[in-house]
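Commentary on secondary and tertiary structure
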Amino acid sequence: MSGIQIKNLYKIFGEDPAMALDLVKNGMGKTELQDQHSHVLGLQDINIDMREGGIQVVMGLSGSGKSTLIRHINRLIEPTAGEVIVDGVDVLGMSRSDLRKFRAHKTSMVFQKFALLPHRTVQSNVEYGLEVQGISSSERRARSKKWIDRVGLSGFEDNYPSQLSGGMQQRVGLARALATDAEILLMDEAFSALDPLIRTDMQDVLLELQSELKKTIVFITHDLDEALRIGDNICILRDGGIIQKGNAQDIILHPADDYIKDFVKDINRARVLRIDSLMSDDMTNAGTLKLKRDTRLDDAARQMQEADVINAQITDASGKVIGSITLDDIVNSMVEKVEVESTV
Amino acid sequence: MEWTEFPEMEREQLRDLRKAIDGGFREFTRAYGESIENALYPVEWFLKHFENLLLDTPWPLVLIGLCGIVYFASRRPWLTLGTFVGMALIGYFGMWEDAMKTLAMISTATLGSVLLGIPLGIAMAKSDRVQTIMNPVLDVMQTMPSFVYLIPVIMLFGIGKLPGIIAVIIYAIPPIIRLTNLGIRLVDKEVLEAADAFGSTSWKRLTNVQIPLALPTIMAGVNQTIMMALAMVVVAALVGAPGLGQPVLKAINNQFLFMGVSAGMAIVILAIIIDRASQAYGQRLQSHREKGH
Ligand SMILES: Nc1ncnc2c1ncn2[C@@H]1O[C@H](COP(=O)(O)OP(=O)(O)O)[C@@H](O)[C@H]1O
Ligand SMILES: [Mg+2]
């Protein structure tokens, strides 16, 4: 089986994790464990199946265990219990040297604060992973050059990280990660330290690269907007546990609890929701405009306005009509958001 | 019970203890003194040849060489000019030879301290146990009056250059050990994680990340070590180390004020030159880290 499977993963920080593990398995929560036994519950009973070639987003507030979770995938952190399987291989069973090879060839990582080597130039930073792989210097040069170009940093090869802006430094971080050709890209709040405009830029860069590279990406963020924009699949963490898994639609339409509702209320729903979430079978007044089922609401509204219609047919990927939608429904679903806000 | 008298150890017991320890160390000296001295032969060899090199080379070449080193380390013209004037003054006042001997000795001591101290500092940074053991040892080394550890050094090696340089190294090595340890421990955790995440071996992590990132702190340690080595020049002269300490000793014994002050000034001049040049070098090493965006 390919992709990444995480099964019954627990991580407890403290003197005696095994003792604490029993308590947690018997239902003790993070606060209690902290107060009564001064152990920190990092992760509890995590189960995720990450698809090969997709982007899995992990979202949660600060301290919810996101960094701890992603560091289990390349075993920068040893679990207290559980399994991590990557491409069918048990990461936790690897010897030290197998693990080093796995990290050098299979996975690469992008960090929140960039984690570049300050004494090395851009070029030499991007070459780092290739150097570890033992690749000759001429090939390193060629391959790093290619990725420096791809992230838009041509001409900055000989600069030092401190001479670059935050956004540019993270481009270096991204190029360094991509240069090793690893299939798995681990991104721990990679864009969180950037200004909003730069962040959107970087999201675009990532999505564009991904449409071509089809890597298995694990993307950590504390920002729901970013999560919805980037992720095929999203899982939400709180106090070390997963409280909801699903795609963007699921999470907006069916938030699992108040914690998630809180996140969701400020979201521009029309940009995330697809028209098939509002689809009706009533074809009596469907009009002639045809829209694909995965069209977002905002896009659909714009197209209906441009065509000057208030009804449209919804088609599936093959073009077959499967239902209809009205402009009213779209507007109503947007207004619903405002109501939620005004009641808070 | 008499509360004004502290209950002392029996006189005889004390004498026996003293005899046992002194005798024991003398035994040790007789048994191992020579092999230790042989083991330290490279230090002596380096010192002798470096000293000869400085003394046998015509003084203009040495002067130009020194100014060249200072310039390339610091890229500061005024410091270079100052070096020229300072060294010229030392020579003019008749202390050229002694200054060369001192220079050879502190260079050797510094090299020895760096070669020994950096690995020790690394070991200390890698293991909390080693750190717990090393810290009190370093405290003792730094606070024990230097005359006290001259005693076993003299017992082992007698009088001469080697005991002098050993005494200097013992006194000067703690800062480089401490600051190497500190520098490595302060390296950004995320950068270390990055090195691990790309599959670095611990050797690659040490040489590519930890040492380069700790380098400014390590350089500060080297600088302090050099300064402490210079401060030991006079004490080392007591056990026979040649150089600018000798005229100072002579001046103390004979109350030669001018001789004492001028030799002292020569040490100060050397100290300032080496301090400024090594600091400027350290800053230049990390200049690209400080440039803003
Ligand atoms: N090495 C550690 N020792 C003790 N507690 C830790 C350690 N690392 C993380 N934690 C704790 O585990 C929890 C999750 O941390 P983290 O994974 O860094 O959260 P996030 O990345 O979501 O902000 C936090 O409560 C944090 O304090
Ligand atoms: Mg984090």
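No experiment lies behind these values; they were computed from the predicted model shown. (Residues numbered from 1 in each chain as written. Chains lettered and ligands numbered in written order. Predicted model: local features only at pLDDT ≥ 70, side-chain atom pairs only at ≥ 80, totals over all residues. Heavy atoms only, no water.)

**So, the sheet that holds strand β6 (residues 107-110) of chain A**
Sheet strands associate in pairs through backbone hydrogen bonding, adopting either a parallel or an antiparallel arrangement. All names here are of chain A. Strand order in the open sheet formed by six strands is β6-β7-β8-β3-β9-β10, and the pairing between neighbours is mixed. A strand with exactly one partner marks an edge of an open sheet, and here the two such strands are β6 and β10 (241-246). On average, adjacent strands in this sheet sit at an angle of 20° to one another, irrespective of strand direction. Pairing of β6 with strand β7 (residues 184-188) involves four bridges; the strand directions are parallel. Bridge pairing links S108 to L185 in β7. Where helix α8 (residues 166-179) meets the sheet, its contacts fall on β6 and β7, and the angle it forms with β6 comes to roughly 175°. (Pairing = 2+ DSSP bridges. Helix = DSSP H or I, 4+ residues; strand = E, 2+ residues; numbered from the N terminus. Axes fitted to C-alpha atoms, helices over the stretch in contact; angles between N-to-C directions. Contact = heavy atoms within 4.5 Å.)

**Focus: α8 of chain A**
Residues and elements named next belong to chain A. Taking 1.5 Å per residue, 14 residues should reach 20 Å; α8 reaches 20 Å between its end C-alpha atoms and fits that length. A large share of α8 lies buried, amounting to 12 of its 14 residues. Among the residues of α8, those classed as buried are G167, Q169, Q170, R171, V172, G173, L174, A175, R176, A177, L178 and A179. Residue D181 follows α8 closely and has a positive phi angle near 60°. (Expected span 1.5 Å × (residues − 1). Buried < 20%, exposed > 50% of the residue type's maximum accessible area, 1.4 Å probe, protein only.)

**Some words on the nonpolar core**
For soluble globular proteins, nonpolar side chains are generally found buried alongside one another. Membership of the largest hydrophobic core comes to 103 residues, with the highest contact counts inside it found for L69 and I73 of chain A together with M87 and V209 of chain B. Excluding residues that lie within four positions of it along the chain, L69 of chain A makes contacts with I6, L9, L43, I46, I48, V58 and L237 of chain A. Ranked by size, the runner-up nonpolar core spans 61 residues in total, among them I55, M202, I252 and L291 of chain A. (Core = buried A, V, L, I, M, F, W, Y, C linked by side-chain atoms within 4.5 Å.)

**A word on the UniProt feature "transmembrane region" (unreviewed entry) in chain B**
The positions UniProt marks with the feature "transmembrane region" (unreviewed entry) are residues 78-96, 102-125, 146-173, 225-244 and 256-274 of chain B. The straight-line gap between the two end C-alpha atoms of residues 146-173 of chain B is 13 Å; of that span, 89% is helix and 0% is strand. (UniProt positions renumbered as here; feature names shortened; annotations may be inferred.)

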